[in-house]
Amino acid sequence: MSEGGAPSFFIQEVLASAGKAEKEDINEKVEKLANQIADVKYEVYESLRSQYDDFIPNLTATLELSNQVKSISEDMQTLTDRIEKEIQMQLNMSTSEFQNLSSRLQESNGILEVLDKLVQVHDALQMTNRALKSKEFVVAAEYLEKTNKVLIGSEQTGQNEITILKALKTEYIVQKEKLPYDLGEAWNECVSWIIPQVIEGERITTLNVRNSADSRKMIGSVLQGMSIVNILTAKMKVFADRVMMHMIQPVLNCNQSNVTASEKSDLAVLATEHSTSKDKDASKPADAFAKIGEILKFINKNIFSCIPSGANERHSAIKVFGDLLSRQLLDSLIADCLSSSIPSSSEDLPGYEAVVKLTVEFEDGLRKMGIISEECSTLTDYVNNVNVLFANKKCQELLEKARSLMSSEIHNMIKVSETDCNIVGSSVELNSSKAKKAKNVDENCTSNSTLSTCLFKLPEFYISDWVQELMQLAYSTLHEACAGCTENCAIQLFYSVRNMFDMYCCVVPAFHKQSLETLPQQSALHHNNCMYIAHHLTVLGHQFATKLPKLLQDCNPTFVDFVPKIRQLGVDYFQAQMTRQRNQMFEYLQAAQGFVNASDMNYEDCERAIKQVLFQLSHLQKVWQPVLPEKMYRKSMAILLNSVIVHIISSLTSLEDISADDASQLFSLLNNISGKAPSFFQTTEKDQAEAMASLQKYAPKWMKFKEIIALLDSGLVEVTDRWADGKGPLANECSPSEVRQLVRALFQNTEVRASVLMKIK
């Protein structure tokens, strides 16, 4: 055992000696490294402080320090590997000593890590500064990003309180703020605009892009740099808005605009020329697509193609620009170009296929350039829905034109004669099929013994000229709805015509309210307009019912429901005008003070009142007689005259005493009314008998008025004769109480008067 144990003991002694030697060697090296780290730490601190705190340039010394840090890092790594690999067993044998060494080593590693971060930040900031000076914006952005990651790591490990690290962070912030400014300056240097002031005449807007090799490289670097520092969207927003406002929109709004692209040795120029006058038409789709395509191709070729094909930012830049531009572009194309190209007539619908084809090609071009996504089909979806668009446009134009007509002056009038008052197509130019239908209707009316041939005729009168145009619009629209439109389109057109008449009931009273209430002629014209429209609406739906789509036929297409509403609209305003005129004449008669003392101080007032009433009736004759139908005119005048007569009779029968002079003056004054009234009902010189018949028919108190006038100039004997025991003309028109009252007022109280009063019962 002793012989066998001797070698083992010897080995242990050798190992212990070796471990001791290794431990001493490691101690020496750790001490040496610690001293070197302390020296480097001081030098790094002083160098960075002098550069970032005191701003003293010290590039050479900084580079030497960087090399020293790298050398020490290599020695530290070698020593660490040796500790881990060669003397692991000895560390186990003397744990406490080697733990102390390990602790010192970790402390040195921590210091070295901080120094390494300081050097990394310093180197990155130096490279950023160099890149900015040489306008290598992508390199500068990448180094700033690297600096930011190191600084973020320092904050997470609690090292951000180190003074020199704060100075480096300040320098990073300065460089970070400077980069977007430099990018903007470089962008403006390469891409510039010439936008003249808005003046009448021709306006030329120019986009200049430098296209030399260095300039193209710079544009690509600028766009990539903007993308890295997250300012690309903001810059592209401004650029896209200018392209839209100053180039694309003028092209859409002016069909005479021109787009020219030219290239020189170091400059590419895109110019748009357009008129700024208000009298201009929108561009047609073919011209708009060609010009806008040229604008976008120029921008893609001279700006976005400058980014290297392998760079991720190339797709990002054109996508950002497209996202910002596409919504405005597509909306403007639809609103300002495609919508106006929709046919206004069903006959033009087949020719719209060419526009659909051009739209598909243009949208494909936008996709290839990356302006819109592969899934976007806004323009093609719009034009492929041409039938609905046609119906919408037709209906919109119909209602707009109808509203414009309804806003026209009412007093511009035309005469409706018997020859063009036939209800079937009287206010439109009929095609052959429509004329044939009109003939058939007339034949049917004639052959049926129970119907008059004049059943569908109106009397002669005047209407506003725009009312005839309104009915022409209704007829032509319904003809188009029956002339080969799709079922949905025909239904939409039919209901648009209905909406047009519904609009009439709302727009006309609101727009012409003041004139309808104050001007007698316009209220009469409005009455005629309503009667004319209602007359047509009576059978308008039936004329087209068999040609409309079956779905509409099943719903009984008609306009009859509008007839009472529109008629009442005309009647209400005319009746209101009649009431206003009647009240005006009553106001004149009030000035006569009940015709008391007509021969004395009140004579002038009585005379003035009678003259004003006659003048008012004469004025109404002038403004109503040429406008209203003859029967309607005579009836209206008779109603007003009858109201005046009733008012006068009421005043006379309430008088307690009428002197002989008063009776004479009243007879003279009232004879003026009696003499002139028939002339208000004459439409020609030869119809005096007809005028008197109309007067007696529509003014029921006229004969009573005549009897009272005669009574004012009669004696008691004549009164008795005209009464004729309750069978004479006076008894037919006046009540006994009225006659007795007048007799008491006119004649003195005598036996003869008492005898006459006894007979009037």
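Residues numbered from 1 in each chain as written. Predicted model: local features only at pLDDT ≥ 70, side-chain atom pairs only at ≥ 80, totals over all residues. Heavy atoms only, no water.

*Asks:* I would appreciate a short explanation of the overall build of the chain in the present structure.
*Replies:* Of regular secondary structure, the chain possesses 29 helices and six strands. Here the analysis covers contacts within the chain between residues at least 6 apart in sequence; of these, 77% occur between residues at least 24 apart. Working note: accessible area of the chain is about 38,800 Å², and carbon and sulfur atoms make up 51% of it. (Helix = DSSP H or I, 4+ residues; strand = E, 2+ residues; numbered from the N terminus. Contact = heavy atoms within 4.5 Å. Areas by Shrake-Rupley, 256 points an atom, 1.4 Å probe, with all protein chains shown as cover.)

*Asks:* Would you mind showing me how to read the pairing of strand β1 (residues 191-194) here?
*Replies:* Each regular strand displays side chains that alternate between the two surfaces of the sheet. Every second residue of β1 is oriented toward a common face, the buried set being V191 and W193 and the non-buried set S192 and I194. Where β1 meets strand β2 (residues 202-210), four bridges bridge the pair, whose relative direction is antiparallel. Paired with I194 across the two strands is T206, which belongs to β2. (Buried < 20%, exposed > 50% of the residue type's maximum accessible area, 1.4 Å probe, protein only. Pairing = 2+ DSSP bridges.)

*Asks:* Before we go on, may I ask you to explain helix α15 (residues 465-481) in this structure?
*Replies:* Helical geometry: 3.6 residues make up each α-helical turn, so side chains three or four residues apart lie on a common side. Spanning 17 residues, α15 covers 25 Å between terminal C-alpha atoms, matching the ideal 24 Å at 1.5 Å per step. The buried fraction of α15 is high, at twelve of 17 residues. Among all positions in α15, only W466, V467, Q468, L470, M471, L473, A474, Y475, T477, L478, E480 and A481 are buried. (Expected span 1.5 Å × (residues − 1).)

*Asks:* Teacher, can you tell me more about the sheet that holds strand β4 (residues 267-275) here?
*Replies:* Adjacent strands of a sheet form backbone hydrogen bonds with each other and so pair up, either parallel or antiparallel. Pairing is antiparallel across the open sheet formed by four strands, whose spatial order is β1-β2-β4-β3. Edge positions in the open sheet fall to β1 and β3 (258-263), since each of these has one partner strand only. Across the sheet, the axes of successive neighbouring strands diverge by a mean angle of 15°, strand direction being ignored. Sheet topology places β2 next to β4; nine bridges connect them, and they run antiparallel. Bridge pairing links T205 to T272 in β4. In the packing of helix α8 (residues 232-253) onto the sheet, the strands contacted are β1, β2, β3 and β4, and the crossing angle to β2 comes to about 140°. Its contacts with the sheet put helix α9 (residues 285-302) on β2, β3 and β4, and the angle it makes with β3 is roughly 25°. (Axes fitted to C-alpha atoms, helices over the stretch in contact; angles between N-to-C directions.)

*Asks:* Explain the pattern of salt bridges here, please?
*Replies:* Under the criterion given, the structure shown has 17 salt bridges. Ionic pairing is found between R367 and D364, a salt bridge with its closest N-O pair at 2.7 Å. Of this pair, R367 and D364 are both found in helix α11 (residues 353-369), three residues apart, which corresponds to roughly one turn of the helix. Close ionic contact of K565 with D502 constitutes a salt bridge, the shortest N to O distance being 3.5 Å. You can see K565 sitting in helix α20 (residues 562-590) and its partner D502 sitting in helix α16 (residues 487-511), a full 63 residues away along the chain. On the accessibility criterion, K565 (45% relative accessible area) is partly exposed. One salt-bridge network, in which partners are shared between bridges, spans E363, D364 and R367. (Salt bridge = Lys/Arg side-chain N within 4 Å of Asp/Glu carboxyl O.)

*Asks:* Just to check I follow, could you spell out the packing of aromatic side chains for this structure?
*Replies:* Each aromatic ring pair is characterised by the separation of its centres together with the angle its planes make. Applying the stated rule across the entire model yields twelve aromatic pairs. A centroid spacing of 5.6 Å and a plane angle of 45° characterise the contact between F239 and F321, whose relative ring orientation is tilted. Of the two residues, F239 is situated in helix α8 and F321 in helix α10 (residues 312-341); the sequence distance between them amounts to 82 residues. Summarising the aromatic geometry, the rings of F289 and F362 are spaced 4.6 Å apart at their centres and angled 15° between planes, so their arrangement reads as stacked. (Phe/Tyr/Trp six-rings, centres within 6.5 Å; stacked < 30°, edge-to-face > 60°.)

*Asks:* Mind showing me how you'd approach the environment of E718 here?
*Replies:* Tracing the backbone shows E718 in helix α26 (residues 716-723). Engagement of the side chain of E718 in a polar contact is seen with the backbone nitrogen of G715, the distance being 2.9 Å. (Polar contact = N/O pair within 3.5 Å; in protein donor to acceptor, adjacent residues only side chain to side chain.)

*Asks:* Is there a simple way to think about the nonpolar core in this case?
*Replies:* Side chains that are nonpolar tend, in soluble globular proteins, to be buried together. Judged by nonpolar contacts, the single largest core of 189 residues is most densely connected at F321, F501 and W624. With 13 residues, the top contributor of residues to this core is α16. When sequence neighbours within four positions are dropped, the list of residues in contact with F501 reads M471, A474, I533, L537, L540, F559 and F562. (Core = buried A, V, L, I, M, F, W, Y, C linked by side-chain atoms within 4.5 Å.)

*Asks:* Would you take a moment to explain the side chain of Q522 for this structure?
*Replies:* Position of Q522 among the secondary structure elements: in helix α18 (residues 520-544). Not counting residues within four places of it along the chain, the set of residues in contact with Q522 comprises I410, H411, S515 and L516.

*Asks:* Quick question: what am I supposed to make of the environment of F681 here?
*Replies:* In this fold, F681 is placed in the loop between α23 (660-676) and α24 (688-698). Note: C-alpha distance between F681 and M692 (eleven residues apart in sequence) is 7.5 Å.

*Asks:* How should the confidence of the model for the chain be read in this particular structure?
*Replies:* Interpretation of this model should avoid reading the predicted coordinates in detail wherever pLDDT is low. On average, residues of the chain score 80 in pLDDT, and 73% of them reach the 70 mark or higher. Mean pLDDT values over the elements of the chain span from 42, in helix α14 (residues 432-447), up to 95, in α20. A low-confidence stretch, residues 55-60 stays under pLDDT 50, and its non-local contacts, those more than four residues away or across chains, total seven contacts. Note that residues 421-449 has pLDDT below 50 and, in this model, 50 contacts with residues that lie over four places away or in other chains. (pLDDT = per-residue confidence, 0-100.)

*Asks:* What am I meant to see in the side chain of Q621 here?
*Replies:* Looking at the element boundaries, Q621 is found in helix α21 (residues 603-624). Setting aside residues no more than four positions away along its own chain, Q621 makes contact with P626, Y633, M637, S679, F680 and Q682.

*Asks:* I tried to follow the environment of N672 on my own but got confused; where do I start?
*Replies:* If you trace the backbone, N672 turns up in helix α23. Take N672: its relative accessible area is 37%, and that puts it in the partly exposed class. Spatially, the C-alpha atom of N672 lies 8.1 Å from that of I610, the residues being 62 residues apart in sequence.

*Asks:* Could you clarify how one ought to interpret unusual backbone geometry in this entry?
*Replies:* Glycine aside, the phi torsion of most residues is negative, and most peptide linkages are trans. We note that N230 has phi near 65°; this positive angle belongs to a residue other than glycine. Checked against the element boundaries, N230 lands in the loop between α7 (213-228) and α8. Positive phi, normally seen in glycine, also occurs at A724, with a value near 50°. In this structure, A724 sits in the loop between α26 and α27 (729-733).

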